[in-house]
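Topology and contacts: notes
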Amino acid sequence: MSSIRSANNIASVVGVGNTDWPQDQKAVRAGARPTDAYGYGAIALQRALKDAGIDKSEVDGLITAPYTPVERAAELYGINPRWASVSDAMQSVLTAVMAIEAGLCEVVALVLGFNQRSAGFKYGGTGTLGAASNLSYVYHEPWGLTSQGALYALMYRRYMELHGTTEADLGQVAVAQRQWASGNPNAVMRKTITIDDYLSSIYVAEPLHIFDYCLINDGGVALIIAEKERAKRITDHPVHIRAIGRADMHDQSTTLKPRLLDFYHPGHTLVSKQVYDAVGMGPHDMDAVQIYDSFSPHIPVALEGFGFCEIGEGCRYIAETGIGPGGGMPVNTSGGHLSESYMQGWNHQIEAVRQARGDAATQVPNCRNVQYISDVVGKVFSIIYGVD
Amino acid sequence: MASQPTHFSMFDEPFWESAQAGELRMQCCSACSTYRYPPGACCPNCLSIQAEWKAISGKGKVLSWTTIHRQYLEAYPAPYSVVVVQLDEGPILITHFDNEDVGKLKLDTELTLSYATHPDGYRLPKFVLPEKAA
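Residues numbered from 1 in each chain as written. Chains lettered and ligands numbered in written order. Predicted model: local features only at pLDDT ≥ 70, side-chain atom pairs only at ≥ 80, totals over all residues. Heavy atoms only, no water.

1. Re the overall build of chain B
The secondary structure content of chain B amounts to one helix and eight strands. The order of helices and strands in chain B, counted from the N terminus, is α-β-β-β-β-β-β-β-β. Relative to the compact-globule value of 14 Å for 134 residues, chain B shows a C-alpha radius of gyration of 15 Å, a close match. Its C-alpha atoms put chain B at 40 × 30 × 25 Å along the principal axes. Within chain B, the fraction of its 134 residues that count as buried is 48%. (Helix = DSSP H or I, 4+ residues; strand = E, 2+ residues; numbered from the N terminus. Rg over C-alpha atoms; globule rule 2.2 N^0.38 Å. Buried < 20%, exposed > 50% of the residue type's maximum accessible area, 1.4 Å probe, protein only.)

2. Section: the interface of chain B and chain A
Opposite the 32 residues of chain B that make contact, chain A presents 34 residues. Approximately 2,900 Å² of surface area, both sides summed, lies buried where chain B meets chain A, with 68% of it carried by carbon and sulfur atoms. The interface formed by chain B and chain A holds zero salt bridges in total. On inspection of chain B and its partner chain A, the count reaches nine residue pairs in polar contact (both at pLDDT 80 or more). Elements with a minimum of two residues in the side of chain B that touches chain A: α1 (13-20), β4 (59-68), β5 (80-87), β6 (92-97) and β8 (123-128) of chain B. Among the residues forming the side of chain B that touches chain A, the class breakdown is 22 nonpolar, eight polar and two charged. (Contact = heavy atoms within 4.5 Å. Buried area = accessible area lost by both parts, 1.4 Å probe. Salt bridge = Lys/Arg side-chain N within 4 Å of Asp/Glu carboxyl O. Polar contact = N/O pair within 3.5 Å; in protein donor to acceptor, adjacent residues only side chain to side chain. Nonpolar A, V, L, I, M, F, W, Y, C, P; charged D, E, K, R; others polar.)

3. So, the sheet that holds strand β2 (residues 35-36) of chain B
Residue and element names in this part refer to chain B. Taken together, the three strands give an open sheet; going across it, the order is β2-β1-β3, and neighbouring strands pair in antiparallel fashion. Only two strands of the sheet have a single neighbouring strand rather than two, namely β2 and β3 (51-55). Here strand β1 (residues 25-29) pairs with β2 via two bridges, running antiparallel. For C28, the partnering residue across the bridge sits in β2 and is Y35. (Pairing = 2+ DSSP bridges.)

4. Some details on the sheet that holds strand β11 (residues 379-386) of chain A
Adjacent strands of a sheet form backbone hydrogen bonds with each other and so pair up, either parallel or antiparallel. All names here are of chain A. If you walk across this open sheet you meet the nine strands as β3-β2-β4-β7-β1-β8-β11-β10-β9, and the pairing is mixed. Across the chains shown, the open sheet's two edge strands, defined by having one partner strand only, are β3 (83-86) and β9 (288-291). Geometrically, the sheet is characterised by an average inter-axis angle of 25° between neighbouring strands, direction not taken into account. Pairing analysis gives seven bridges linking strand β1 (residues 11-18) to strand β7 (residues 219-227), with the strands arranged antiparallel. Considered in β7, the bridge of N18 is made with V221. In the packing of helix α3 (residues 70-77) onto the sheet, contacts are made with β2 (61-64), β3 and β4 (107-114), and the angle to β2 comes to roughly 120°. (Axes fitted to C-alpha atoms, helices over the stretch in contact; angles between N-to-C directions.)

5. A closer look at the side chain of Q371 of chain A
Residues and elements named next belong to chain A. Looking at where Q371 falls in the secondary structure, it is placed in strand β10 (residues 369-376). A polar side-chain atom of Q371 sits 2.6 Å from a polar atom in the side chain of Y276. Q371 has contacts with V275, Y276, M286, A288, V289, Q290, F306, F308, S382, I383 and I384, leaving out every residue within four places of it along the chain.

6. Regarding the packing of aromatic side chains
For the coordinates displayed, the defined rule picks out 15 aromatic pairs over all chains. Both rings, one in W143 of chain A and one in W16 of chain B, keep their centres 5.4 Å apart while their planes meet at 25°; by these two values the pair is stacked. Here W143 of chain A, found in the loop between β4 and α5 (148-163), pairs with W16 of chain B, found in helix α1, and the two come from separate chains. For the pair formed by W143 of chain A and W16 of chain B, the shared burial category is buried. Relative to Y159 of chain A, the ring of Y156 of chain A has its centre 5.7 Å away and its plane inclined at 20°; by these criteria the two rings are stacked. Taken together, the positions of Y156 of chain A and Y159 of chain A, both in helix α5 and three residues apart, correspond to about one turn of that helix. For Y156 of chain A, a relative accessible area of 2% puts it in the buried group. Classification of Y159 of chain A by relative accessible area gives buried; the value is 1%. (Phe/Tyr/Trp six-rings, centres within 6.5 Å; stacked < 30°, edge-to-face > 60°.)

Right under this line is the structure:
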C-alpha cells in the first residue's frame, strides 16, 4: 500500500481575481477580441493582487496554465520569480504548495488566461483540444466518436442502465446550478430553467442535453497562495489549503475503462481517504462542494465516489438532500462550468475560497470548509479549503 | 497499400491492414499475452516491447452506447450512433453502430464484429447485431 500522506496546512490563499465573463462573452459573440490569453490572465492577476493587498514585487513564484507559457507570461507580467511552472488548475494548487513547502518560494501567483472562444478552440471533430494528453479525444475518429461530451454520454448511459436512473434525475444538476448562477452577476448564463425546460431541450449526445454541457467562453482566473505564516501577515482573511489529495487512473483510458467500468470510484476512494483523514472530517462535515463539471454526470458520480452517499445513489442523494440554493449540500455555488464560466477548474478554486471567507455572490450561511473535487484526464483530485 | 486513417504511433498499421483483410487482429504481448489497444510501444503489464498480432474472435458484450445529434465530421452526418463493446479477449473496442438497432441494445447484449467502408476508402471494423453479421 502506498503512502496516503497529503499536502496539509502548508499554505493559504490570500487573494483571488477573475475577469468579467458575461461582458467578454457578449463581446466575443459580437465578433470582438477583447484581448488574448495573456491579457485575460493579466486582468485576473491584477485583481487577485489587489484582493490580497500586495504589490507584484512580493510574488516570488509563478504558475501559469498551458495556454500562456510561463516564460512569456513572466515577461509580460513583469515578474522575475525564483521558481515557476506550468500546469492545470488542480495541479497548480498542489505544485504551489509543494514549492512553498520545499522552501523555493513564499508567495505564488497562479494565473489562468484562456481565450478558447475567440480563438475557436474545438472539443470535437478534427483538431480537438487536449488530444496530446488524452488519446481518447481523437483515437476513435474513424468511427465518428470525437466529442468529449459523447464520452460522458456513454458514461451516463451505462450509469442509467446499471442504476435505473433517468434523464430527469440528471437534469436536477443543470437546474440547480442555474439557480446558483441566477444569483451571481458574473455568471454567463443566469436565466433559471425547470426540469421541463431541460427535458425539452435538444440532445447533443444522447442521453445528454445541451444543458448538460459546459460553456465555451474566454476569461482569466488568478490566485495568490502564500506560506501559512506569511499569509497571516498579508491578510486578516486567509483561506487555508487544509488538504490536497491526488490519485491517477490511466489504465486503458483511451478506450474509456476508468470512466465506463470504474466511474473513477477507486480513485475517489483513495483521494477521499487522503483528504478526509488529513482534516479529521468526512463528507457530511463539508459546508459546500465545488465539483469539476465539464459535463453534468460528473456531479452524482463524484458525490457517491467521495462517500456523500452509496454508489448508485448519487441522483437520489441530489433529489433528497438538495444541491441548489437552500439545499442540504450546496454544490457548484457559483453556477460552475455549466452556467458561470468554463475556466477548467480554476473558477471552482476561487469560488471555494470566497465561500470559505464569506464573500461569495450567493453566500452559503456559516460556511467554513469547502471541498473541491475533480476527475478528468485520468486524475482524481480533491482540495479542502477552510478558515480558522 | 490501401488508404488508412491517421496513425497515432508507428504501431498502428497492422490493425488497419487486418481490418482491410476482413480479419481483425490486435496487438498482444509476446511475453505475457496481455492485449494492447490502441497499439503501442510496450506492454502495460510487463513493459516488454515484443508483440505479435493475434486474430480476435469478434465477439463481445455491450458496455454502453450513444446517438450523437451533431455533425462533427464529414463522414458522419447526424444523427449517428456509437457503441462500446468489451471483446471476449478483454480489450474494449468502440465503433459506430446502425441507428435503427440502437433500441435493441442493453448492457451485455452480445454483438458481432463486421466491417464497413469509410468514405475515405478504408475498411473499418464495426459491431452489428449477430443476425446482421455476414
